[in-house]
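Spelled out, the chains give:
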Amino acid sequence: NWLSNNIDWSLSRERYWGTPLPVWECADCKHRECVGSVKELSEKAGRDLTELDLHRPYVDNVHWKCSKCSGKMARVLDLIDVWFDSGSMPYAQWHYPFENQDKFKTQFPADYICEAVDQTRGWFYSLHAISTLLNEDISFKNVICLGLILDGEGQKMSKSKGNIVNPWDVLNAHGADAFRWYLYTATPPGQERRFSSDLVGEVIRSFTLTLWNVYSFFVTYANLDKPAALTVTAGTNDLDRWLLSELNVLVREVTKAYENYDATNATRPVEAFVEKLSTWYVRRSRRRFWKNESGADKQAAYSTLHTALVTVAKLIAPAMPFLAEELYQNLVRSVDASAPESVHLAEWPAVVDEFVDESLNREMDLIMRLVSLGHAARQKANRKVRQPLAEAAFSVGNPAERKALANNIDVIADELNVKQVRLLDAATEAVSHIVKPLPKQLGQKYGNKFPAIQKAVLAMNAEEVARALLSGNAVAVKADGEMYNILPEEVEVRAQAREGFAVAEDGPYVAALVTELTPELVQEGLAREFVRRVQDLRKTADLDVADRIELFVEASAGLKAAIVTHKEYITAETLATKLSFGAPPARTSLVEDEFDGEKLKAGLKKV
Ligand SMILES: [Zn+2]
């Protein structure tokens, strides 16, 4: 409570260099005068002092006769405290009130100032103190206060420890955009934050490259298709509607954060959006861009992705000015010469309220969550994503979520590469639970009551206890005639998948995959493995995304049978006009590989 206990501020300092106190004193009667301007000083001294250097020693040579006793007036030798100089900055910078009165009025009080936390008692305070004395008003409206910057291990940087990070090393390695973005997103500015070249490099890996890959995906296909007007309309495709809804929520959030001088919340949500844009929208929409024919759906995909990228460029412009400009120049200026010259001159994006559909956002969040849970279950079963599985079954929280699941069966089946998606009749169909009251937590809390509590918990229905605790709720337990509220962190809940299932859980959500493989599923998995190797081969052969090829295959019996069964799928996926078995002819790009106990030699030729 420093401010209300504030003590008097001694204005003078016994120093030589600095701003002299403008106070003169009579040597005889101690009468004092404070001088307010050079003009006033000149009048008192009886000579023109316009050219006088107002510092010591020159100003100390100015004297006049005391108006009370005719003694000699001499300047007191003290200086004024430097914080008074700092606090006078808003006036001093304009030589106010002697000049620039209009300019001063348009700039005072300041919108915001920014300095480290140690300026709270220094500059932040002296600015307000002086403006309160002069105008009974504040000097600035907002402060962005910066915490200390620590090294990568959280230690204070110091020269003697040698753990100082040279900013130029970081700038040269990762660029100014990543540097800024890290500082904005790492922690709110007032908190201490770790800093190292590697942490800034992580921005490139986790954010910049993700955004760049989406951008480069768009540019690759747009250059092939040359889509017409890219104005976006309320589309019919669920993915487009969802992306535009998320985008407008993002614009709303980021704008609000910037208006509140909240750099962290103006940047972090963009990262989350770009992640969804990349791992969900582009992944799920990829095929819409691959289609040969151009149609309304393809056009809608182009317009939606273009709008998202241009809007993101504008939203990151204050924080990542160079990347934003690069995106904008190519996405906007190269196709529209009448557009503002730079992203930094473009209008800030406006929220289009009719595009926002919160229930759709919730629905898609749930689907993404279930898919990621499904992938976690698959990992436990150690089955590659390319291996189709018979079934994924889910347990969700409420009727709205059950409906959302039903609406998105196809999406989930496609993402998880399963033949069938359904609701579990009950979570217990795929998983059972063991609950174990923890002696350390409960013993510490309840002492000798622990054995009775433990016994009571174990006597309850384990599934009901587990479900409540996994959902983050407490469980009421009666032991020795008393009620206890047992918390989730006080009981270990262990899940056991039932025979034939691989299971992953997250709160009230359960994903269960049927892990048994039929010969048909194995064949389909092999066909997908084969397609992946051909796609890699297309890349190493440096083919364009639309190039047609001819395929030559030598394969062991199981793989050959799979390729024959799924020939249509394979040729469509790889843009092969012909697939023949036998040794690849000379001068074809080749791949040789072994997987899942099968052998493959394949070659391709551009046709
Ligand atoms: Zn006097």
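What counts, and at which threshold
- Residues numbered from 1 in each chain as written.
- Predicted model: local features only at pLDDT ≥ 70, side-chain atom pairs only at ≥ 80, totals over all residues.
- Heavy atoms only, no water.
- Axes fitted to C-alpha atoms, helices over the stretch in contact; angles between N-to-C directions.
- Helix = DSSP H or I, 4+ residues; strand = E, 2+ residues; numbered from the N terminus.
- Parallel < 35°, antiparallel > 145°, perpendicular 65-115°, else oblique.
- Contact = heavy atoms within 4.5 Å.
- Nonpolar A, V, L, I, M, F, W, Y, C, P; charged D, E, K, R; others polar.
- Donors = N, O, S within 2.8 Å, 3.2 Å for Na, K, Ca; no water.
- Tetrahedral: all angles 85-135°; square planar, octahedral: opposite > 155°, others 65-115°.
- Buried < 20%, exposed > 50% of the residue type's maximum accessible area, 1.4 Å probe, protein only.
- pLDDT = per-residue confidence, 0-100.
- Pairing = 2+ DSSP bridges.
- Domains from an automatic or database assignment.
- Patch = residues over 30% accessible without salt bridge, like charges linked within 9 Å, V, L, I, M, F, W, Y side chains within 5 Å.
- Areas by Shrake-Rupley, 256 points an atom, 1.4 Å probe, with all protein chains shown as cover.
- Salt bridge = Lys/Arg side-chain N within 4 Å of Asp/Glu carboxyl O.
- Core = buried A, V, L, I, M, F, W, Y, C linked by side-chain atoms within 4.5 Å.

A.B. asks: How would you sum up the packing of helix H12 (residues 358–380) against helix H13 (residues 399–407)? Please name residues and give values.
C.D. replies: H13 packs onto H12 with a crossing angle of 75 degrees between their chain directions and a minimal axis gap of 10 Å. Accordingly, the angle class assigned to the pair H12 and H13 is roughly perpendicular. Here H12 contributes Glu-363, Leu-366, Ile-367 and Leu-370 to the contact with H13, which in turn contributes Glu-401, Ala-404, Leu-405 and Asn-407. When the residues that make up the contact of H12 with H13 are grouped by side-chain class, the tally is 5 nonpolar, 1 polar and 2 charged.

A.B. asks: Summarise the coordination of the zinc ion; cite the residues concerned and give the values.
C.D. replies: Looking at the zinc ion, the protein donor atoms are Cys-26 (SG), Cys-29 (SG), Cys-66 (SG) and Cys-69 (SG), and they sit 2.2 to 2.4 Å from it. Coordination at the zinc ion comes from 4 donor atoms whose angles at the metal span 97 to 117 degrees, giving a geometry best classed as tetrahedral. Going along the chain, you hit the donors of the zinc ion in the pattern C-x2-C-x36-C-x2-C. With Cys-26 in strand S2 (residues 23–26) and Cys-66 in the loop between strand S4 (64–65) and strand S5 (72–75), the pair connects residues that are 40 residues apart, well separated along the chain. By relative accessible area, which is 1% here, Cys-26 ends up buried. Judged by its relative accessible area of 4%, Cys-66 falls in the buried class.

A.B. asks: Help me get a handle on the environment of Gly-235, residues and values and all.
C.D. replies: In this structure, Gly-235 sits in the loop between helix H7 (197–225) and helix H8 (238–259). Separated by 141 residues in sequence, Gly-235 and Ala-376 have C-alpha atoms that sit 33 Å apart.

A.B. asks: Give a detailed account of the confidence of the model for the protein chain, specifying residues and quantitative values.
C.D. replies: Taken residue by residue, the protein chain gives an average pLDDT of 91. The fraction at 70 or more is 99%. When mean pLDDT is taken per element in the protein chain, helix H11 (residues 321–333) scores highest with 97 and strand S16 (residues 491–497) scores lowest with 83.

A.B. asks: Requested: an account of the sheet that holds strand S22 (residues 598–606), with residues and values cited.
C.D. replies: One open sheet accounts for 4 strands, arranged S20-S19-S22-S21; its pairing is mixed. The open sheet terminates on both sides in strands that have one partner only, identified here as strand S20 (576–581) and strand S21 (589–595). Between one strand axis and the next, the sheet turns through 20 degrees on average, direction left out of account. Pairing between strand S19 (residues 549–555) and S20: 5 bridges, direction parallel. By the bridge assignment for S20, Phe-552 is matched with Ser-580. Seen against the sheet, helix H18 (residues 519–540) touches S19, S20, S21 and S22 and runs at an angle of roughly 40 degrees to S22.

A.B. asks: Got a sec to walk through the domain arrangement of the protein chain? Specific residues and values, please.
C.D. replies: Domain parsing of the protein chain yields domain 1 (12–80), domain 2 (84–146), domain 3 (198–356), domain 4 (359–428), domain 5 (431–497) and domain 6 (519–606). Here domain 1 and domain 6 have C-alpha centroids that lie 94 Å from each other.

A.B. asks: For a nonpolar patch on the surface, give the residues involved together with the corresponding values.
C.D. replies: On the surface, Trp-9, Val-82 and Trp-83 cluster together into a nonpolar patch covering about 280 Å² of accessible area. Of note, Trp-9 is situated in the segment before strand S1 (12–13).

A.B. asks: Any details on the packing of helix H9 (residues 263–290) against helix H14 (residues 409–416)? Residues and values, ideally.
C.D. replies: Following both chains from N to C, one finds H9 and H14 inclined at 95 degrees, their axes separated by 12 Å at the closest point. Relative to H14, the element H9 is oriented roughly perpendicular. Residues Trp-280, Arg-283 and Arg-284 of H9 touch H14, and the partners they reach there are Val-411, Asp-414 and Glu-415. The residue inventory of the contact of H9 with H14, partitioned by class, reads 2 nonpolar, no polar and 4 charged.

A.B. asks: Just give me the short version of the nonpolar core, but keep the residues and values in it.
C.D. replies: Counting 84 residues, the largest nonpolar core has Leu-305 and Ile-316 as the members making the most contacts within it. Top contributing element to this core by residue count: H7, with 11 residues. Looking at this core, you find at least three residues from each of domain 3 (198–356) and domain 4 (359–428). Counting residues in each nonpolar core, the second largest holds 21 residues, with Val-531, Leu-537, Leu-600 and Ala-602 among its members.

A.B. asks: How would you explain the sheet that holds S4 if you had to name every residue and give the values?
C.D. replies: Overall, antiparallel pairing links the 4 strands, which are arranged S3-S2-S5-S4 in an open sheet. Since the sheet does not close on itself, it has two edges, and those belong to strand S3 (32–34) and S4, each with one partner. Here 3 bridges tie S2 to S3, and the two strands are oriented antiparallel to one another. Each bridged residue has a counterpart across the sheet, and for Val-23 the counterpart in S3 is Cys-34.

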